[in-house]
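# Analysis of the macromolecular model
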Amino acid sequence: MSLPDFMQYKDKFSNTEFVNKISRIAKRAGSKLVYAAMILYYTLQNNTVSLKDKAIIIGALGYLISPLDLVPDAIPIAGLGDDMAVLIFVLHKVWGSVSDEVREKAKAKLSQWFDEDELKAADDLFNDDPTENPV
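Quick summary incoming for the structure in this document.

About the thresholds
Residues numbered from 1 in each chain as written. Predicted model: local features only at pLDDT ≥ 70, side-chain atom pairs only at ≥ 80, totals over all residues. Heavy atoms only, no water. Helix = DSSP H or I, 4+ residues; strand = E, 2+ residues; numbered from the N terminus. Buried < 20%, exposed > 50% of the residue type's maximum accessible area, 1.4 Å probe, protein only. Contact = heavy atoms within 4.5 Å. Phe/Tyr/Trp six-rings, centres within 6.5 Å; stacked < 30°, edge-to-face > 60°. Lys NZ or Arg CZ within 6 Å of the ring centre and 35° of its normal. Arc of directions from axis to C-beta. Axes fitted to C-alpha atoms, helices over the stretch in contact; angles between N-to-C directions. Parallel < 35°, antiparallel > 145°, perpendicular 65-115°, else oblique. Left-handed = near helix turned anticlockwise from the far one by under 90°. Nonpolar A, V, L, I, M, F, W, Y, C, P; charged D, E, K, R; others polar.

### Brief notes about the environment of M38
Among the structural elements, M38 can be located in helix α2 (residues 31-44). Classification of M38 by relative accessible area gives buried; the value is 3%. For the pair M38 and F18, spaced 20 residues apart in sequence, the C-alpha to C-alpha distance is 9.6 Å. Setting aside residues up to four positions removed in sequence, M38 forms contacts with F18, I22, A106, K109 and W113.

### Observations concerning the packing of aromatic side chains
In this description, a pair of aromatic rings is defined by centroid distance and the angle of the planes. For the coordinates displayed, the defined rule picks out 3 aromatic pairs. Aromatic side chains F13 and F18 sit 6.5 Å apart centroid to centroid with 50° between the ring planes, which places their arrangement in the tilted category. There is no split in this pair, since F13 and F18 are both buried. Pairing F18 with Y41 gives two aromatic rings, centres 4.5 Å apart and planes at 15°, and the pair type is stacked. One end of the pair, F18, is in helix α1 (residues 15-29); the other, Y41, is in helix α2, and 23 residues separate them in sequence. Here F18 and Y41 have matching classes, each one buried. By the ring-pair criterion, three or more aromatic residues cluster together here, those being F13, F18, Y41 and Y42. The side chain of K107 reaches across the aromatic face of Y35, ending 5.2 Å from its centre.

### As for helix α5 (residues 100-110)
The complete set of buried residues in α5 reads V102, A106 and L110. Take α5 and look down its axis: the buried residues cluster within an arc of 80°, on one side only. The exposed set on the far side of α5, more than 90 degrees from its buried face, consists of E101 and E104. Next to the buried residues of α5 lie α2 and α6 (116-123).

### Some points on the packing of α2 against helix α4 (residues 81-94)
For the pair α2 and α4, the least separation of the axes is 10 Å and the interaxial angle reads 40°. The angle between α2 and α4 places the two elements in the oblique class. Crossing of α2 against α4: the hand is left-handed. Listed contacts from α4 to K32, L33, A36, A37, I39 and L40 of α2 are D83, M84, L87, V90, L91 and V94. Here the residues of the contact of α2 with α4 are counted per class, giving 10 nonpolar, no polar and 2 charged.

This is how it looks when you write it as C-alpha cells:
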C-alpha cells in the first residue's frame, strides 16, 4: 500500500475537529491508532518540536480528521487502515521529538476510552523504538 500525499490535508486539522474525531472513533479504531494519534497530537503542542515536524504532524492529523481520504473511514476494518499507516509513518519521522512525557500523557488519555486489556494492546505499538521496525 502506498501512502497518499497526506500533506494536502494539513488545512483539515484543528484541535476541536481532532478531539471530536478521536472521541467518535476511539472504540472502533482501537487503542493502537488512538495512541499513535494522541502521541502526535501532544508532540505537536511541544514548543521544542521543529516547524518541519509540526507540519508533517498537522498533515497526518488532518488526514485522520478528513472524511475524504484514500479509503473512507466508513468502510469496516479497511477504512481506518490507511489512517493508521499515515500515523505510523509520521511517528517514524518525528520519533526523536517524542518525549517520555508525551507518551505518558497520551497513555493517560487512552484510559478515558479503553479498559486495561485494550490499554495493554497499545503497548506493542512500538517495541522500544519505532525506527527498529520501519513502515
